[in-house]
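Structural overview
Residue strings, one per chain:
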Amino acid sequence: MSEAQQTPAQKMIGDFAPKFVSLTDDVLFGDVWEREELSKRDRSLITVASLVTGASLEQLPGHMQRALENGVTETELKELITHLAFYAGWPKARSAMTVAKQILAEN
């Protein structure tokens, strides 16, 4: 399989942890993200909020980009982070806002 055909998990982890890649691709993105009970837009909002509250900055850029692709607006991303500053903590929100600024500048 060429690199262009690989999933993000395959590119990042590859043969290092094939079961983890399989669970990421097949279960998380192949099943959970495809369930109809929540829209992909709503799943993106939930995921970004969870990553911000957990200070999971490594995954945040990819999920912010996915959120934009799933219909979340630039204004909504900024408001989500601003709102979370008061619930998750200012430092986490400040770090997330920096990531958002970079992602939004690229779009």
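Not measured: the values here are computed from a predicted model. (Residues numbered from 1 in each chain as written. Predicted model: local features only at pLDDT ≥ 70, side-chain atom pairs only at ≥ 80, totals over all residues. Heavy atoms only, no water.)

Topic: the packing of aromatic side chains
Scanning all chains against the criterion turns up two aromatic pairs. With centroids separated by 6.0 Å and ring planes inclined at 25°, the aromatic side chains of Phe29 and Trp33 adopt a geometry described as stacked. You can call Phe29 partly exposed: its relative accessible area is 23%. In this structure Trp33 comes out as buried when scored by relative accessible area, which is 5%. Ring geometry for Phe86 against Trp90: centres 5.6 Å apart, planes inclined by 85°, an arrangement best described as edge-to-face. In this structure, Phe86 and Trp90 share a single accessibility class: exposed. (Phe/Tyr/Trp six-rings, centres within 6.5 Å; stacked < 30°, edge-to-face > 60°. Buried < 20%, exposed > 50% of the residue type's maximum accessible area, 1.4 Å probe, protein only.)

Observations concerning helix α5 (residues 74-88)
Between its first and last C-alpha, α5 extends 20 Å over 15 residues, near the 21 Å set by a 1.5 Å rise per residue. Summarising the contacts, the buried residues of α5 are in contact with α3 (40-53), α4 (60-69) and α6 (90-106). (Helix = DSSP H or I, 4+ residues; strand = E, 2+ residues; numbered from the N terminus. Expected span 1.5 Å × (residues − 1). Contact = heavy atoms within 4.5 Å.)

A closer look at the nonpolar core
With 20 residues, the main nonpolar core has Val48, Val52, Leu60, Met64, Leu77 and Ile81 as its most contacted residues. Counting residues per element, the ones that place at least two in this core are α3, α4, α5 and α6. (Core = buried A, V, L, I, M, F, W, Y, C linked by side-chain atoms within 4.5 Å.)

Some remarks on the side chain of Ser44
If you trace the backbone, Ser44 turns up in helix α3. Judged by its relative accessible area of 1%, Ser44 falls in the buried class.

Regarding the packing of α5 against α6
Contact geometry for α5 and α6: axes closest at 8 Å, N-to-C directions at 165°. Viewed along their axes, α5 and α6 adopt a mutual orientation that is roughly antiparallel. Of the two elements, α5 crosses α6, and the hand of that crossing is right-handed. Between α5, through Glu74, Leu77, Lys78, Ile81, Thr82, Ala85, Phe86 and Ala88, and α6, the contact on the second element is made entirely by Trp90, Lys92, Ala93, Ala96, Met97, Ala100 and Leu104. Grouping the amino acids of the contact of α5 with α6 by side-chain chemistry returns eleven nonpolar, one polar and three charged. (Axes fitted to C-alpha atoms, helices over the stretch in contact; angles between N-to-C directions. Parallel < 35°, antiparallel > 145°, perpendicular 65-115°, else oblique. Left-handed = near helix turned anticlockwise from the far one by under 90°. Nonpolar A, V, L, I, M, F, W, Y, C, P; charged D, E, K, R; others polar.)

Digging into a nonpolar patch on the surface
Side chains of Leu23, Val27, Leu28 and Val32 sit close together on the surface and give an oily, nonpolar patch of about 280 Å² of accessible area. Among the structural elements, Leu28 can be located in helix α2 (residues 18-29). Note on Leu28: relative accessible area 36%, which makes it partly exposed. (Patch = residues over 30% accessible without salt bridge, like charges linked within 9 Å, V, L, I, M, F, W, Y side chains within 5 Å. Areas by Shrake-Rupley, 256 points an atom, 1.4 Å probe, with all protein chains shown as cover. Salt bridge = Lys/Arg side-chain N within 4 Å of Asp/Glu carboxyl O.)

Points about the environment of Glu106
Note on placement: Glu106 falls in helix α6. Since its relative accessible area comes to 62%, Glu106 is described here as exposed. Between the alpha carbons of Glu106 and Pro61 there is a distance of 11 Å; along the sequence they are 45 residues apart.

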